[in-house]
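# Results of the structural survey
If you want the building blocks of each chain, they are given just below.
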Amino acid sequence: MANPVKAVILRGRKTVENVVEESRKKAEKVVEGGLNTVETVVEAGLNTVETVVVEGRKKVESAVSLGRKTVEHALLRDRGTMQAAVLHGREDIRIEHVPVPEAGPGELIVSVGAALTCGTDLKVFRRGYHARMIVPPALFGHELAGTVVEAGAGVADFAAGDRVVALNSAPCGLCYFCARGQENLCDDLLFNNGAYAEFIRIPARIVAKNTLHIPGHVPLEHAALTEPLACAVHGFEDSHPYPGDTVAVIGGGPLGLMILHVAALAGCKVIAIVKHDGQVEAARQLGAAHVVQTTSIRNAIRETRALTEKNRGVDIAIEAVGVPEAWEEAVEMVRKGGTVNFFGGCALGTHVSLDTNRIHYSDITLRATFHHTPAICRKALDLIASGRFQAGAFITGHAHLYELNRVFEKLMKRGSEIKTAIVP
Ligand SMILES: [Zn+2]
Ligand SMILES: [Zn+2]
């Protein structure tokens, strides 16, 4: 009778084993499913965390950058004032605390890296005014290069950190003269002064028409030569030179030297007519074939003519002094059919007397180039960037803004200084 019991027991064990097996399978399924779910959740979670971290870092970075800009801006603004040279009248420059300018729509604020002294500034210092450019009391100085610290609303071509040269003027683009490409004669030429300062505001029109990016390899003080060089290039090209022409340049000031250097680079034979010893050396270094020093000879006209074949006279004479005697000399130096360029501006009310017979029967062309155009300014910066132009030779000294009066007094004595870079 044991067998039936055994059979029941066996059946019971099988059932238990089946149940256990089923349950284990179910449990394994649940565990596996759970694991998968957990892995999916973890992965999704990780992705979410990474996204959040990346997004967060971006937000933090942009906040930091914005914060830095705000801080920089606040630092600039909180200073409130800056040091600047103010012209009050004849030989009266004062370094004063003036408000740091703010950029209006289309304007730039430039931190001045170098402001160069200039013959025009020296004239203004001596006379106390400039008919077209400056009426005191006024911020002073116009040849500069620097770094943009603030760009006003709507400025697309420049941003903080850009190295720029901002010219001293810009034409209107609308008047009769602008329409004819004679922007230097614009009826509404807008001038900007204030380069002898820590910061300068560049008006919207100059930002739009006459502010140029400086190539990375060009030092700021070299780029600051763009304005006077543009005048020199303009005066030279306006005289319609041909390579090989003999060109007399009267005057050994910064612009006379620049014109003679430009003429020499263009393949002309240059006769420099200068006064001071230092100018003799500079003229030679910058490419003059002959130097006539007016203090050591009797007659500059005869000396200059003697350097041309059969005393014929020069093809082109460019006057770069700005005194009536030199204007008159220039006319006497050119050959028949030659060109005279009265480049140097004389004091208000000055008159000259010229031999009309000579001008008429020798068919002499008289020109008087003034200032520059936007196209010429670009040409001038290109010439500086090319390395052919000896920019370094024109900057013979460096001084701090505080020393500006002393620098101008020294320039009035006409030593060997050409231009001084004023570093604020
Ligand atoms: Zn100048
Ligand atoms: Zn115009």
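Just so it is clear, the model here is predicted, and its values are computed rather than measured.

## Section: the pattern of salt bridges
Tallied over the full model, the rule gives 13 salt bridges. For the salt bridge of D188 with R205, the shortest nitrogen-to-oxygen distance reads 2.8 Å. Taken as a pair, D188 in the loop between α3 (176-179) and β8 (190-191) and R205 in helix α4 (residues 204-210) lie far apart in primary sequence, 17 residues in all. For the salt bridge of K379 with E237, the shortest nitrogen-to-oxygen distance reads 3.0 Å. Of the two residues, K379 is situated in helix α12 (residues 374-386) and E237 in helix α6 (residues 226-238); the sequence distance between them amounts to 142 residues. Residue class for E237 comes out partly exposed when judged on its relative accessible area of 32%.

## Thoughts on the packing of α6 against helix α7 (residues 254-265)
Relative orientation of the contacting elements α6 and α7 amounts to 55°, with a least axis distance of 9 Å. As far as their axial angle goes, α7 and α6 are oblique. As α6 runs across α7, the sense of the crossing is right-handed. Where α6 abuts α7, its residues P228, L229, C231, A232, V233 and F236 lie against L255, M258, I259, V262 and A263. In terms of residue class, the contact of α6 with α7 is built from 11 nonpolar, no polar and no charged.

## Topic: the nonpolar core
Counting 52 residues, the largest nonpolar core has L225, L229, L257, L260, F389 and F394 as the members making the most contacts within it. Residues contacting L225, with those up to four places away along its chain left out, are L116, M258, I384, F389, A391, F394, I395 and K419. F125, F140, A399 and V407 belong to the second largest nonpolar core, which has 33 residues in total.

## Overview of the coordination of the zinc ion (ligand 2)
Bound to the zinc ion (ligand 2) are the protein donor atoms C172 (SG), C175 (SG), C178 (SG) and C186 (SG), situated 2.3 Å from the metal. Around the zinc ion (ligand 2), the 4 donor atoms are arranged such that angles at the metal cover 101 to 117°; this shape is classified as tetrahedral. Every donor residue of the zinc ion (ligand 2) comes from the same chain, spaced as C-x2-C-x2-C-x7-C. Residue C172 shares its accessibility class with C178, and that shared class is buried.

## Side note on the sheet that holds strand β16 (residues 365-367)
Spatially, the 6 strands line up as an open sheet ordered β13-β12-β11-β14-β15-β16, and their pairing is parallel. Whereas interior strands pair on both sides, the edge strands pair on one side only; in this sheet they are β13 (290-293) and β16. Taking each pair of neighbouring strands and ignoring which way they run, the sheet shows an average axis angle of 15°. Across 5 bridges, the pairing between strand β14 (residues 314-319) and strand β15 (residues 334-342) is parallel. The residue bridging I316 from the neighbouring strand is T339, located in β15. Against the sheet, α7 contacts β11 (246-250), β12 (269-274) and β14, and its axis sits at roughly 170° relative to β12.

## Quick look at the pairing of β13
Of the strand pairs in this sheet, β12 and β13 are connected by 4 bridges, and their pairing is parallel. Among the inter-strand pairings, I271 is bridged to a residue of β13, identified as H290. Once the chain exits β12 it traverses helix α8 (residues 277-285) before rejoining the sheet at β13, and the crossover so formed is right-handed.

## Focus: the sheet that holds strand β2 (residues 92-99)
Taken together, 3 strands build an open sheet; the order of strands is β2-β1-β4 and the sheet is antiparallel. The open sheet has two edge strands with one neighbour each: β2 and β4 (138-139). In this sheet, β4 lies alongside strand β1 (residues 81-89) in antiparallel orientation, the contact comprising 2 bridges. Its bridge partner lying in β4, V86 is registered against L139.

## Re the packing of aromatic side chains
Evaluation of the coordinates by the stated rule reveals 7 aromatic pairs. Residues F140 and Y196 carry aromatic rings whose centres are separated by 5.6 Å and whose planes lie at 65° to one another, so their mutual orientation is edge-to-face. Taken as a pair, F140 in the loop between β4 and β5 (143-151) and Y196 in the loop between β8 and β9 (199-202) lie far apart in primary sequence, 56 residues in all. For the pair shown, F140 and Y196 are each scored as buried. Their ring planes at 80° and their centres at 6.1 Å tell us that Y196 and F408 sit as a pair that is edge-to-face. Residue Y196 is found in the loop between β8 and β9, and its partner F408 is found in helix α14 (residues 404-412); the two are separated by 212 residues along the sequence. Look at Y196 and you get buried, because its relative accessible area is 1%.

## Some details on unusual backbone geometry
Between P136 and P137 the backbone carries a cis peptide bond, its omega angle lying at -5°. Relative to the elements of secondary structure, P137 occurs in the loop between α2 (119-127) and β4. Its identity as a non-glycine residue notwithstanding, E91 has a phi of 50°, on the positive side. Inspection of the secondary structure puts E91 in the loop between β1 and β2. By relative accessible area, E91 is classed as partly exposed at 42%.

Parameters at a glance
- Residues numbered from 1 in each chain as written.
- Chains lettered and ligands numbered in written order.
- Predicted model: local features only at pLDDT ≥ 70, side-chain atom pairs only at ≥ 80, totals over all residues.
- Heavy atoms only, no water.
- Salt bridge = Lys/Arg side-chain N within 4 Å of Asp/Glu carboxyl O.
- Helix = DSSP H or I, 4+ residues; strand = E, 2+ residues; numbered from the N terminus.
- Buried < 20%, exposed > 50% of the residue type's maximum accessible area, 1.4 Å probe, protein only.
- Axes fitted to C-alpha atoms, helices over the stretch in contact; angles between N-to-C directions.
- Parallel < 35°, antiparallel > 145°, perpendicular 65-115°, else oblique.
- Left-handed = near helix turned anticlockwise from the far one by under 90°.
- Contact = heavy atoms within 4.5 Å.
- Nonpolar A, V, L, I, M, F, W, Y, C, P; charged D, E, K, R; others polar.
- Core = buried A, V, L, I, M, F, W, Y, C linked by side-chain atoms within 4.5 Å.
- Donors = N, O, S within 2.8 Å, 3.2 Å for Na, K, Ca; no water.
- Tetrahedral: all angles 85-135°; square planar, octahedral: opposite > 155°, others 65-115°.
- Pairing = 2+ DSSP bridges.
- Right-handed = clockwise from strand over helix to strand, strands pointing away.
- Phe/Tyr/Trp six-rings, centres within 6.5 Å; stacked < 30°, edge-to-face > 60°.

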